[in-house]
Amino acid sequence: MTPLLRILAFFVIVSTACAGPAASQASLDIELRARELAAGEGVRIDITSTVPLESLSCSFLGEQVFMIRTGDARSWSGWSMVDLDRKAGSTVVEARGVATDGATVSGTRAVRIAPRDFPQEHLKVAPKYVEPPKAIRERIAREKARLAVIYARREPWAPPAEPFVRPVPGKPTSIFGSRRVFNGKPRAPHSGLDLRAATGTPVLCSGPGRVVLAEELYYSGNLVIVDHGGGLFTLYAHLSRIDVAEGEDIRAGEQVGLSGATGRVTGPHLHWGAKIDNRPFDPRSLLDPVLFGDRN
Ligand SMILES: [Zn+2]
(Lines give C-alpha, C1' and ligand atoms only; values in the text may rest on other atoms or scores of the structure.)
Protein backbone atom coordinates (compact mmCIF):
# COMPACT_ATOMS: atom_id res chain seq x y z
CA MET A 1 0.00 0.00 0.00
CA THR A 2 1.37 3.42 -0.92
CA PRO A 3 1.69 5.98 1.91
CA LEU A 4 -1.18 8.02 0.43
CA LEU A 5 -3.52 5.00 0.33
CA ARG A 6 -2.52 4.10 3.89
CA ILE A 7 -3.48 7.60 5.04
CA LEU A 8 -6.76 7.42 3.13
CA ALA A 9 -7.54 3.97 4.60
CA PHE A 10 -6.83 5.30 8.10
CA PHE A 11 -9.07 8.29 7.44
CA VAL A 12 -11.93 6.05 6.21
CA ILE A 13 -11.70 3.83 9.33
CA VAL A 14 -11.67 6.85 11.63
CA SER A 15 -14.49 8.65 9.85
CA THR A 16 -16.66 5.48 9.81
CA ALA A 17 -16.09 4.95 13.52
CA CYS A 18 -17.09 8.53 14.28
CA ALA A 19 -20.09 8.61 11.95
CA GLY A 20 -22.80 7.14 14.16
CA PRO A 21 -23.77 7.34 17.81
CA ALA A 22 -21.06 5.86 20.01
CA ALA A 23 -23.50 3.29 21.41
CA SER A 24 -23.95 1.52 18.08
CA GLN A 25 -21.52 0.28 15.46
CA ALA A 26 -24.41 -1.15 13.45
CA SER A 27 -24.56 -0.14 9.78
CA LEU A 28 -26.27 -0.92 6.49
CA ASP A 29 -24.48 -1.67 3.24
CA ILE A 30 -26.60 -0.74 0.19
CA GLU A 31 -25.87 -2.31 -3.19
CA LEU A 32 -27.68 -1.48 -6.44
CA ARG A 33 -27.74 -4.03 -9.26
CA ALA A 34 -28.71 -2.88 -12.74
CA ARG A 35 -27.52 -3.16 -16.35
CA GLU A 36 -27.09 0.59 -16.11
CA LEU A 37 -28.70 3.17 -13.84
CA ALA A 38 -30.67 4.94 -16.56
CA ALA A 39 -34.31 5.72 -17.45
CA GLY A 40 -36.38 2.59 -18.05
CA GLU A 41 -34.07 0.16 -16.25
CA GLY A 42 -35.09 -2.37 -13.60
CA VAL A 43 -32.98 -2.20 -10.45
CA ARG A 44 -32.45 -4.70 -7.68
CA ILE A 45 -31.46 -3.28 -4.31
CA ASP A 46 -29.63 -5.54 -1.83
CA ILE A 47 -29.06 -4.35 1.71
CA THR A 48 -26.86 -6.08 4.26
CA SER A 49 -27.01 -5.13 7.92
CA THR A 50 -24.31 -5.79 10.50
CA VAL A 51 -27.08 -6.69 12.98
CA PRO A 52 -30.34 -8.69 12.57
CA LEU A 53 -33.30 -6.46 11.62
CA GLU A 54 -36.99 -6.66 12.50
CA SER A 55 -37.89 -4.39 9.61
CA LEU A 56 -36.24 -2.33 6.90
CA SER A 57 -37.44 0.57 4.77
CA CYS A 58 -35.63 1.90 1.72
CA SER A 59 -36.34 4.79 -0.58
CA PHE A 60 -35.01 5.17 -4.13
CA LEU A 61 -35.90 8.13 -6.38
CA GLY A 62 -38.74 9.15 -4.06
CA GLU A 63 -40.40 5.70 -4.03
CA GLN A 64 -40.53 3.24 -1.15
CA VAL A 65 -38.90 -0.07 -2.13
CA PHE A 66 -40.63 -3.20 -0.81
CA MET A 67 -37.75 -4.97 0.99
CA ILE A 68 -37.87 -8.74 1.60
CA ARG A 69 -35.71 -10.82 3.94
CA THR A 70 -33.65 -13.16 1.78
CA GLY A 71 -31.75 -15.23 4.33
CA ASP A 72 -31.09 -14.43 7.94
CA ALA A 73 -32.42 -11.10 9.20
CA ARG A 74 -29.24 -9.34 8.01
CA SER A 75 -29.87 -9.80 4.26
CA TRP A 76 -32.71 -7.98 2.47
CA SER A 77 -33.58 -7.42 -1.16
CA GLY A 78 -36.14 -5.45 -3.19
CA TRP A 79 -37.04 -4.47 -6.76
CA SER A 80 -37.19 -0.94 -8.07
CA MET A 81 -36.71 0.92 -11.32
CA VAL A 82 -35.73 4.21 -12.91
CA ASP A 83 -38.81 5.88 -14.43
CA LEU A 84 -38.87 6.53 -18.15
CA ASP A 85 -38.98 10.32 -17.73
CA ARG A 86 -36.20 10.45 -15.10
CA LYS A 87 -33.46 12.91 -16.04
CA ALA A 88 -29.77 12.18 -15.56
CA GLY A 89 -28.24 13.34 -12.28
CA SER A 90 -27.19 12.38 -8.76
CA THR A 91 -29.46 10.86 -6.15
CA VAL A 92 -29.15 9.24 -2.74
CA VAL A 93 -30.60 5.86 -1.76
CA GLU A 94 -31.68 5.92 1.89
CA ALA A 95 -32.39 2.96 4.14
CA ARG A 96 -33.43 2.66 7.76
CA GLY A 97 -33.80 -0.55 9.72
CA VAL A 98 -35.05 -1.45 13.18
CA ALA A 99 -32.74 -3.99 14.87
CA THR A 100 -34.11 -6.85 16.97
CA ASP A 101 -33.01 -4.94 20.10
CA GLY A 102 -35.07 -1.91 18.98
CA ALA A 103 -32.14 0.26 17.89
CA THR A 104 -32.33 2.16 14.61
CA VAL A 105 -29.77 1.41 11.91
CA SER A 106 -29.47 3.63 8.86
CA GLY A 107 -27.42 3.91 5.70
CA THR A 108 -27.19 5.92 2.50
CA ARG A 109 -25.63 5.46 -0.90
CA ALA A 110 -25.04 8.15 -3.51
CA VAL A 111 -25.58 7.04 -7.11
CA ARG A 112 -25.69 8.69 -10.53
CA ILE A 113 -28.47 8.25 -13.08
CA ALA A 114 -26.96 8.14 -16.58
CA PRO A 115 -28.56 9.99 -19.52
CA ARG A 116 -30.66 8.02 -22.01
CA ASP A 117 -32.67 8.93 -25.12
CA PHE A 118 -35.51 7.03 -26.74
CA PRO A 119 -36.40 6.97 -30.44
CA GLN A 120 -39.73 8.09 -31.93
CA GLU A 121 -41.92 5.62 -33.82
CA HIS A 122 -44.82 6.11 -36.23
CA LEU A 123 -47.37 3.27 -36.34
CA LYS A 124 -50.60 2.60 -38.22
CA VAL A 125 -53.34 0.61 -36.47
CA ALA A 126 -57.12 0.22 -36.82
CA PRO A 127 -58.74 3.62 -35.97
CA LYS A 128 -60.76 2.05 -33.10
CA TYR A 129 -57.50 1.63 -31.15
CA VAL A 130 -56.51 5.31 -31.50
CA GLU A 131 -59.92 6.88 -30.85
CA PRO A 132 -61.84 4.07 -29.10
CA PRO A 133 -65.64 4.16 -29.65
CA LYS A 134 -67.64 5.56 -26.72
CA ALA A 135 -69.12 2.15 -25.89
CA ILE A 136 -65.62 0.71 -25.44
CA ARG A 137 -64.21 3.49 -23.24
CA GLU A 138 -65.94 2.11 -20.16
CA ARG A 139 -64.42 -1.31 -20.79
CA ILE A 140 -60.96 0.24 -21.19
CA ALA A 141 -61.33 2.19 -17.92
CA ARG A 142 -62.52 -0.95 -16.10
CA GLU A 143 -59.58 -3.00 -17.39
CA LYS A 144 -57.11 -0.26 -16.49
CA ALA A 145 -58.42 -0.13 -12.90
CA ARG A 146 -58.27 -3.90 -12.63
CA LEU A 147 -54.68 -4.00 -13.86
CA ALA A 148 -53.69 -1.29 -11.38
CA VAL A 149 -55.00 -3.48 -8.53
CA ILE A 150 -53.05 -6.52 -9.80
CA TYR A 151 -49.80 -4.57 -10.27
CA ALA A 152 -50.08 -3.03 -6.80
CA ARG A 153 -49.69 -6.45 -5.14
CA ARG A 154 -46.48 -7.13 -3.30
CA GLU A 155 -46.01 -10.81 -2.50
CA PRO A 156 -43.24 -11.35 0.09
CA TRP A 157 -41.41 -14.00 -1.94
CA ALA A 158 -37.63 -13.98 -2.21
CA PRO A 159 -36.42 -12.65 -5.60
CA PRO A 160 -35.68 -15.30 -8.27
CA ALA A 161 -32.08 -16.51 -8.06
CA GLU A 162 -31.50 -16.98 -11.81
CA PRO A 163 -31.63 -14.46 -14.67
CA PHE A 164 -34.92 -14.51 -16.62
CA VAL A 165 -35.17 -16.18 -20.05
CA ARG A 166 -36.32 -14.72 -23.37
CA PRO A 167 -39.98 -15.61 -24.00
CA VAL A 168 -39.46 -16.09 -27.78
CA PRO A 169 -36.22 -16.26 -29.82
CA GLY A 170 -37.21 -13.44 -32.25
CA LYS A 171 -35.34 -10.13 -32.43
CA PRO A 172 -36.79 -6.86 -31.04
CA THR A 173 -38.92 -4.92 -33.54
CA SER A 174 -39.76 -2.04 -31.17
CA ILE A 175 -37.85 -1.21 -28.02
CA PHE A 176 -39.13 -0.20 -24.62
CA GLY A 177 -39.65 3.55 -24.20
CA SER A 178 -40.06 4.49 -27.90
CA ARG A 179 -42.13 7.67 -28.18
CA ARG A 180 -45.12 6.47 -30.16
CA VAL A 181 -47.32 8.20 -32.68
CA PHE A 182 -50.37 6.12 -33.68
CA ASN A 183 -51.99 7.16 -36.98
CA GLY A 184 -50.38 10.61 -36.56
CA LYS A 185 -51.51 11.07 -32.92
CA PRO A 186 -48.95 11.03 -30.06
CA ARG A 187 -49.73 8.35 -27.46
CA ALA A 188 -47.99 6.93 -24.35
CA PRO A 189 -44.42 5.66 -24.84
CA HIS A 190 -44.01 1.96 -25.58
CA SER A 191 -44.43 0.15 -22.24
CA GLY A 192 -42.74 -3.09 -23.29
CA LEU A 193 -40.47 -4.78 -25.80
CA ASP A 194 -41.89 -6.13 -29.08
CA LEU A 195 -40.25 -9.33 -30.26
CA ARG A 196 -40.62 -10.80 -33.73
CA ALA A 197 -42.87 -13.89 -33.55
CA ALA A 198 -45.05 -15.41 -36.27
CA THR A 199 -48.56 -16.34 -35.10
CA GLY A 200 -48.37 -19.69 -33.29
CA THR A 201 -44.84 -19.31 -31.89
CA PRO A 202 -44.62 -20.83 -28.37
CA VAL A 203 -44.31 -18.07 -25.74
CA LEU A 204 -42.35 -19.03 -22.63
CA CYS A 205 -42.68 -17.63 -19.15
CA SER A 206 -39.49 -15.66 -18.51
CA GLY A 207 -39.18 -16.26 -14.73
CA PRO A 208 -40.68 -18.30 -11.89
CA GLY A 209 -43.91 -17.05 -10.31
CA ARG A 210 -47.69 -17.29 -10.35
CA VAL A 211 -50.17 -16.54 -13.14
CA VAL A 212 -52.37 -13.68 -11.90
CA LEU A 213 -54.28 -12.90 -15.11
CA ALA A 214 -54.97 -14.98 -18.24
CA GLU A 215 -57.67 -13.48 -20.47
CA GLU A 216 -58.51 -11.12 -23.33
CA LEU A 217 -58.28 -7.33 -22.77
CA TYR A 218 -59.03 -4.54 -25.25
CA TYR A 219 -55.54 -3.17 -25.97
CA SER A 220 -53.44 -6.20 -24.96
CA GLY A 221 -55.59 -8.86 -26.65
CA ASN A 222 -55.03 -12.26 -25.03
CA LEU A 223 -52.85 -11.41 -22.07
CA VAL A 224 -50.97 -13.41 -19.42
CA ILE A 225 -49.51 -11.68 -16.36
CA VAL A 226 -47.08 -13.46 -14.03
CA ASP A 227 -46.34 -12.29 -10.47
CA HIS A 228 -42.70 -12.93 -9.49
CA GLY A 229 -43.06 -11.59 -5.93
CA GLY A 230 -41.80 -8.37 -4.37
CA GLY A 231 -43.98 -6.24 -6.69
CA LEU A 232 -42.28 -7.59 -9.84
CA PHE A 233 -44.44 -8.76 -12.78
CA THR A 234 -43.92 -9.80 -16.40
CA LEU A 235 -46.63 -9.84 -19.05
CA TYR A 236 -47.17 -11.45 -22.46
CA ALA A 237 -49.65 -9.74 -24.80
CA HIS A 238 -51.40 -10.20 -28.17
CA LEU A 239 -51.38 -14.03 -27.82
CA SER A 240 -53.39 -16.15 -30.26
CA ARG A 241 -53.89 -18.77 -27.56
CA ILE A 242 -53.54 -18.87 -23.75
CA ASP A 243 -52.27 -22.14 -22.22
CA VAL A 244 -52.27 -21.26 -18.49
CA ALA A 245 -54.93 -20.36 -15.95
CA GLU A 246 -55.09 -17.73 -13.23
CA GLY A 247 -53.66 -19.02 -9.92
CA GLU A 248 -51.22 -21.52 -11.48
CA ASP A 249 -47.65 -21.60 -10.26
CA ILE A 250 -45.24 -21.44 -13.18
CA ARG A 251 -41.53 -21.98 -13.80
CA ALA A 252 -39.18 -20.08 -16.10
CA GLY A 253 -39.35 -21.62 -19.59
CA GLU A 254 -42.90 -23.02 -19.24
CA GLN A 255 -45.26 -22.21 -22.12
CA VAL A 256 -47.87 -19.52 -21.37
CA GLY A 257 -49.46 -19.64 -24.85
CA LEU A 258 -48.87 -18.94 -28.54
CA SER A 259 -48.00 -15.59 -30.05
CA GLY A 260 -50.53 -13.78 -32.23
CA ALA A 261 -52.01 -10.45 -33.27
CA THR A 262 -54.92 -9.83 -30.87
CA GLY A 263 -55.62 -6.31 -29.48
CA ARG A 264 -53.93 -3.09 -30.65
CA VAL A 265 -51.30 -4.37 -33.09
CA THR A 266 -49.86 -3.68 -36.52
CA GLY A 267 -49.22 -7.41 -37.05
CA PRO A 268 -48.24 -10.61 -35.23
CA HIS A 269 -45.53 -10.23 -32.55
CA LEU A 270 -45.04 -10.73 -28.83
CA HIS A 271 -45.30 -7.68 -26.58
CA TRP A 272 -43.21 -8.60 -23.53
CA GLY A 273 -43.55 -6.28 -20.56
CA ALA A 274 -42.19 -5.93 -17.03
CA LYS A 275 -43.59 -3.88 -14.13
CA ILE A 276 -42.62 -2.87 -10.63
CA ASP A 277 -45.28 -1.09 -8.56
CA ASN A 278 -47.41 -0.68 -11.69
CA ARG A 279 -44.58 1.19 -13.44
CA PRO A 280 -43.19 -0.31 -16.66
CA PHE A 281 -39.48 -0.90 -17.25
CA ASP A 282 -37.42 -2.57 -19.97
CA PRO A 283 -37.85 -6.36 -19.49
CA ARG A 284 -34.37 -6.92 -20.96
CA SER A 285 -33.05 -5.71 -17.57
CA LEU A 286 -34.16 -9.08 -16.18
CA LEU A 287 -32.01 -11.08 -18.62
CA ASP A 288 -28.79 -9.69 -17.15
CA PRO A 289 -26.99 -11.91 -14.59
CA VAL A 290 -25.81 -8.75 -12.82
CA LEU A 291 -29.27 -8.52 -11.17
CA PHE A 292 -29.12 -12.08 -9.84
CA GLY A 293 -27.07 -14.57 -7.84
CA ASP A 294 -24.74 -14.04 -4.93
CA ARG A 295 -22.80 -10.89 -4.36
CA ASN A 296 -19.16 -10.96 -5.35
ZN1 LIG B 1 -45.52 -3.63 -27.66
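Conventions we followed
- Residues numbered from 1 in each chain as written.
- Predicted model: local features only at pLDDT ≥ 70, side-chain atom pairs only at ≥ 80, totals over all residues.
- Heavy atoms only, no water.
- Helix = DSSP H or I, 4+ residues; strand = E, 2+ residues; numbered from the N terminus.
- Buried < 20%, exposed > 50% of the residue type's maximum accessible area, 1.4 Å probe, protein only.
- Contact = heavy atoms within 4.5 Å.
- Polar contact = N/O pair within 3.5 Å; in protein donor to acceptor, adjacent residues only side chain to side chain.
- Salt bridge = Lys/Arg side-chain N within 4 Å of Asp/Glu carboxyl O.
- Pairing = 2+ DSSP bridges.
- Axes fitted to C-alpha atoms, helices over the stretch in contact; angles between N-to-C directions.

Visitor: Could you give an account of the environment of Asn183, with specific residues and numbers?
Guide: Counting through the fold element by element, Asn183 comes out in the loop between β11 (179-182) and β12 (185-186). With a relative accessible area of 25%, Asn183 lands in the partly exposed category. A C-alpha to C-alpha distance of 39 Å links Asn183 and Arg251, two positions 68 residues apart in sequence. In contact with Asn183, not counting residues within four places along its chain, are Leu123, Lys124, Val125, Ala126, Pro127 and Val130. There is a polar contact of 2.8 Å between the side chain of Asn183 and the backbone nitrogen of Val125.

Visitor: Residue-level account of the pattern of salt bridges, with values.
Guide: All chains considered together, the criterion is met by 19 salt bridges. Note that Arg154 and Asp277 form a salt bridge whose closest N and O atoms lie 3.0 Å from each other. With a gap of 123 residues between them, Arg154 in the loop between α2 (134-151) and β10 (172-174) and Asp277 in the loop between β21 (270-276) and β22 (279-281) connect regions that are remote in the sequence. Salt-bridge contacts for Asp243 lead to Arg241; the nearest nitrogen and oxygen are separated by 2.7 Å. When salt bridges with common partners are traced through the structure, they connect Arg35, Glu36, Glu41, Arg116, Asp282 and Arg284 into a single cluster.

Visitor: Any chance you could break down the side chain of Asn222 for me, citing the residues and the numbers?
Guide: Note that Asn222 resides in strand β16 (residues 221-229). Taking the relative accessible area as the measure of exposure, Asn222 reaches 17% and is therefore buried. With residues up to four places along the chain from it excluded, the contact list for Asn222 reads Glu215, Glu216, Tyr236, Ala237, His238, Leu239, Ser240, Arg241, Ile242 and Thr262.

Visitor: Lay out the sheet that holds strand β7 (residues 89-99) with the relevant residues and their values.
Guide: Pairing in this open sheet of 4 strands is antiparallel, and the strands run β4-β3-β7-β8 from one edge to the other. Edge positions in the sheet fall to β4 (63-65) and β8 (104-113), since each has one partner strand and no second. Neighbour to neighbour, the strand axes of the sheet diverge by 20° on average, direction disregarded. Alignment of β7 against β8, held across 10 bridges, turns out to be antiparallel. Residue pairing in the sheet places Gly89 in a bridge with Ile113 of β8.

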